[in-house]
Amino acid sequence: MKVTVLGCGAIGQLWLAALARQGHELQGWLRAPQTLCHVNVTGANGMRFQQDLPANSREFLANSDLLLVTLKAFQVSLAVKQLAATLNASCPVLLMHNGMGTVEELHALRQPLILGVTTQAARREGSAIIHVASGITHIGPGNEAGHAHGGLAGPLQHALPDVTWHDNISAASWRKLAANCVINPMTAVFNCPNGELRNRACDVKTVCNEVARVMQREGHPVTADDLLNYVWRVVDSTAENISSMLQDVRSQRHTEIDYITGYLLRRARAHGLSAPANARLYEQIKRKERANARINAACSPLRK
Ligand SMILES: NC(=O)C1=CN([C@@H]2O[C@H](COP(=O)(O)OP(=O)(O)OC[C@H]3O[C@@H](n4cnc5c(N)ncnc54)[C@H](OP(=O)(O)O)[C@@H]3O)[C@@H](O)[C@H]2O)C=CC1
Ligand SMILES: CC(C)(CO)C(=O)C(=O)O
């Protein structure tokens, strides 16, 4: 396959390295106007992949068989819209990010849309990407045209197992959203690794119960107890992790809260439900974002 990867950070480079090993033809798409994308990944088995791949070729983009989007949720729709006119109308666009809501923003996209959620874990260490833990990537259609692309699961599975195709991806997306609604803002508010949420079991249950009620109204027959058990399994299996939201807050970066808790609150409102514990977490994270934005603005070289 000829694949363009939009967003060459931790997850993007993981896929670039894995697909390159399988002999696929690749390019990265970068924000900076560069013609090469440096990929430097140390695999979960310790094996290193280091290579300069082509970047930012419009011709390559126009002939791509897949656009794999591994941006943060709030970066997705603008960046995809900027490339859509160059992409072939039949080229599937696979969005792989935490949170939900980008499909709504991309409703007018003419290309087939595929959604992905992953439990693969990778982090940046200096100029290198470390594949911290293998996991499962669930993919499925994000619009009508996306239904025809179940065949994508095969080459992706060969490159970076496990990959599973779902004719309806909504249940997998919502379960991942539920874990992120509980773990990400709570760890960012309490400034703790995921595992320490065990000390806040009562709050975890309250937040999770609200998510379960919204999921039920969205048509997912989940019980509050099942969802809570699932969230605890994620907490325990990632106990040492610093969640991506806490990392963003600590580094004074914008967070994905609008696409995680923000999306949940929008869906709750649409069903006439209130979700006060989630609303409180949302406000606490937005306050941190605003404080960080003020610090960044004050430190900006333009002010000096
Ligand atoms: N890392 C992980 O283990 C996991 C991540 N995820 C999710 O996957 C998504 C990606 O995460 P991750 O890879 O960690 O994030 P990163 O921030 O590492 O990667 C995003 C990359 O996109 C680049 N970028 C931003 N805007 C543009 C643009 N307009 N055009 C081209 N490139 C751009 C960024 O560059 P720059 O640095 O210049 O901004 C950065 O290199 C997120 O939603 C995350 O929550 C899900 C599961 C696990
Ligand atoms: C599952 C979890 C919470 C793991 O840390 C995650 O996806 C994140 O940090 O964004």
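Residues numbered from 1 in each chain as written. Chains lettered and ligands numbered in written order. Predicted model: local features only at pLDDT ≥ 70, side-chain atom pairs only at ≥ 80, totals over all residues.

Per an unreviewed UniProt entry, the chain is named 2-dehydropantoate 2-reductase, and its organism is Tenebrionibacter intestinalis. If you open the UniProt record of the chain and go to Pathway (unreviewed entry), you find "Cofactor biosynthesis; (R)-pantothenate biosynthesis; (R)-pantoate from 3-methyl-2-oxobutanoate: step 2/2." Reading the Sequence similarities (unreviewed entry) entry of the UniProt record for the chain gives the comment "Belongs to the ketopantoate reductase family." (UniProt positions renumbered as here; feature names shortened; annotations may be inferred.)

### Remarks on the site of ligand 1
As a structural note, the neighbourhood of ligand 1 is formed by 23 residues, with G7, G9, I11, H97 and N98 the closest of them. Among the secondary structure elements, those contributing two or more residues to the shell around ligand 1 are α1 (10-21), α3 (73-84) and β8 (121-125). A class-by-class count of the residues in the shell around ligand 1 yields 11 nonpolar, 9 polar and 3 charged. (Near = placed C-beta within 6 Å. Helix = DSSP H or I, 4+ residues; strand = E, 2+ residues; numbered from the N terminus. Nonpolar A, V, L, I, M, F, W, Y, C, P; charged D, E, K, R; others polar.)

### Notes on unusual backbone geometry
Between P161 and the following residue, D162, the backbone shows a cis peptide bond with an omega angle of -5°. Structurally, the position occupied by D162 is in the loop between α5 (153-159) and β11 (163-165). Within the chain, N191 stands out as a residue other than glycine whose phi angle is a positive 55°. Topologically, N191 is positioned in the loop between α6 (170-190) and α7 (201-217). Classification of N191 by C-beta neighbours within 10 Å gives exposed; the count is 11. (Buried ≥ 20, exposed ≤ 12 C-beta atoms within 10 Å, placed from the backbone.)

### Thoughts on the site of ligand 2
Contacts to ligand 2 come from N98, A179, N180, I183, N184, N194, V234, T238, N241, S243 and S244. With 4 residues, α6 is the largest single contributor of residues to the shell around ligand 2. Among the residues forming the shell around ligand 2, the class breakdown is 3 nonpolar, 8 polar and no charged.

### Notes on the pairing of strand β9 (residues 128-133)
Where strand β3 (residues 36-42) and β9 come together, 2 bridges link them in parallel fashion. Bridge pairing links T42 to I130 in β9. Counting the residues that bridge the hairpin from β8 to β9 gives 2 residues, and of these G126 lies at a positive phi of roughly 65°. (Pairing = 2+ DSSP bridges.)

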